[in-house]
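Given next are the chains, with one letter for each unit.
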Amino acid sequence: MPIYPDWLMKYKTKGVYVKKGKKGYSLYRGHSERVPGKKNPVFKCDEYIGIVTEKDGLIPSSPPVKPGIDVLRYGFWCLADNCCKTLLTSLKKRHMNVGVIYSRALLEEEGKVSKVSFSGSWLSHLYPEIDIEKHLGHVQESTITRVKMQIRSKMETKYGNDYEIIKELASNVYAVHVNGKWFTSDIPEDLQVLAVKYGISFTINND
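As a starting point, this report considers the structure included with it. (Residues numbered from 1 in each chain as written. Predicted model: local features only at pLDDT ≥ 70, side-chain atom pairs only at ≥ 80, totals over all residues. Heavy atoms only, no water.)

## Here's the deal with the overall build of the protein
Of regular secondary structure, the protein possesses nine helices and seven strands. Here the C-alpha coordinates of the protein stretch approximately 75 × 45 × 30 Å along the principal axes. Pairs at least 24 apart in sequence give 55% of the contacts found in the protein among residues at least 6 apart. Accessible surface for the protein amounts to roughly 13,400 Å². Of this, 53% is attributable to carbon and sulfur atoms. Between the averaged position of the 31 positive side-chain charges in the protein and that of its 23 negative side-chain charges there is a distance of 9 Å. (Helix = DSSP H or I, 4+ residues; strand = E, 2+ residues; numbered from the N terminus. Contact = heavy atoms within 4.5 Å. Areas by Shrake-Rupley, 256 points an atom, 1.4 Å probe, with all protein chains shown as cover. Lys, Arg positive; Asp, Glu negative; His and termini not counted. Charge placed at Lys NZ, Arg CZ, Asp CG, Glu CD.)

## Points about the layout of surface pockets
Here the largest pocket defines a volume of roughly 230 Å³. Tyr74, Trp77, Asp81, Thr203 and Asn205 are the residues nearest the centre of the largest pocket, which is lined by 16 residues in total. Of all the secondary-structure elements, those providing two or more residues to the lining of the largest pocket are α2 (75-81) and α6 (123-126). For the lining of the largest pocket, the leading source of residues is α2, giving three residues. (1 Å grid on protein atoms, 1.4 Å probe; cavity = no way out; pocket = protein on both sides within 12 Å on 5 of 7 lines; lining within 4 Å. Points joined across faces, edges and corners; volume = space filled by probe spheres on them.)

## Some points on the sheet that holds strand β5 (residues 70-73)
In sheet architecture, strand pairing relies on hydrogen bonds along the backbone and comes in two forms, parallel and antiparallel. In space, the three strands of this open sheet follow the order β5-β6-β7, with antiparallel pairing throughout. Each of the sheet's edge strands pairs with one partner strand only, and the pair in question is β5 and β7 (181-184). The mean angle between the axes of side-by-side strands here comes to 25°, regardless of whether they run parallel or antiparallel. Alignment of β5 against strand β6 (residues 174-178), held across four bridges, turns out to be antiparallel. (Pairing = 2+ DSSP bridges. Axes fitted to C-alpha atoms, helices over the stretch in contact; angles between N-to-C directions.)

## What to know about the side chain of threonine 53
Relative to the assigned elements, threonine 53 resides in strand β3 (residues 42-53). Separated by 3.0 Å, the side chain of threonine 53 and the backbone nitrogen of aspartate 56 make a polar contact. (Polar contact = N/O pair within 3.5 Å; in protein donor to acceptor, adjacent residues only side chain to side chain.)

## Concerning the nonpolar core
Formed by 45 residues in total, the largest nonpolar core has its most connected members in Tyr74, Tyr102, Ile151, Met155, Tyr159, Ile166 and Ile200. The element contributing the most residues to this core is helix α4 (residues 98-110), with seven residues. Those residues within four positions of tyrosine 102 in sequence are excluded, and the remaining contacts are Ala80, Asp81, Cys84, Leu88, Leu91, Leu123, Tyr127 and Ile151. The next biggest cluster of nonpolar side chains, apart from the first, holds eight residues, and it includes Val16, Tyr25, Ile49 and Val52. (Core = buried A, V, L, I, M, F, W, Y, C linked by side-chain atoms within 4.5 Å. Buried < 20%, exposed > 50% of the residue type's maximum accessible area, 1.4 Å probe, protein only.)

## Concerning the packing of helix α8 (residues 163-170) against helix α9 (residues 189-198)
Close contact between α8 and α9 brings their axes to 10 Å; oriented N to C, the two are set at 125°. With respect to each other, α8 and α9 are oriented oblique. Helix-helix and strand crossings are classified by hand; for α8 and α9 the assignment is left-handed. Between α8 and α9, the residues in contact are Ile165, Ile166, Leu169 and Ala170 and Asp190, Leu191, Leu194 and Tyr198, respectively. In terms of residue class, the contact of α8 with α9 is made up of seven nonpolar, no polar and one charged. (Parallel < 35°, antiparallel > 145°, perpendicular 65-115°, else oblique. Left-handed = near helix turned anticlockwise from the far one by under 90°. Nonpolar A, V, L, I, M, F, W, Y, C, P; charged D, E, K, R; others polar.)

## Thoughts on empty space enclosed by the protein
Taken as a whole and judged by the stated rule, the model has one cavity of 30 Å³ or more. For the largest cavity, the full set of lining residues is Arg73, Tyr74, Phe76, Trp77, Leu106, Glu110, Ser121 and Leu123. Those elements giving two or more residues to the lining of the largest cavity turn out to be α2 and α4. Grouping the constituent residues of the lining of the largest cavity by class yields five nonpolar, one polar and two charged.

## Let's talk about helix α3 (residues 85-93)
Among the residues making up α3, those that are buried are Leu87, Leu88 and Leu91. For α3, the buried positions fall inside an angular range of 100° around the axis, keeping them on one side. Exposed residues pointing more than 90 degrees away from the buried face of α3 are listed as Lys85, Thr86, Lys92 and Lys93. Against the buried residues of α3 lie α4 and α7 (138-159). Histidine 95 sits one or two residues past α3 and shows a positive phi near 60°. (Arc of directions from axis to C-beta.)

This is the structure:
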């Protein structure tokens, strides 16, 4: 059995394997399994963790960015989600087309309704099945106009004199999909202060 230096042992936890190299000790998370034709179990690497040296400690690996990066406007949706959830509940209780009506109303308040605007918004992730430019009847069009007014009213009531600046700051917050998970882009410092003040969460749940 190999003998490892004491400073390395705190990294060699259960399921972690070590391989000595020229620059230090490489750490791998893996398991052993039986392979037909092999007398002894074969090590299978599940994850490369990084390199450990006595001077620098653990130097984590930097995984390559896989294809499939997606970037969506996210900040304005968060502002609305913070104070307009009752509108969604009301639309659902009335059995309205929530995705179309709420998305159209919110995009109008944000700036523009179009297929391009929708595809670049977090709304397209929540409601991927809808056609944002689909022709709607009089009742639905009237509902969208009313919901848009309600969204603005709720936001102006919630954010008061900060509404226009918080809207502008939030326009620079994006949801970024990389390596199979969603991440939030950096939050501007001024927006962080306002987020605390108004209880806004920009966290993305990947569950």
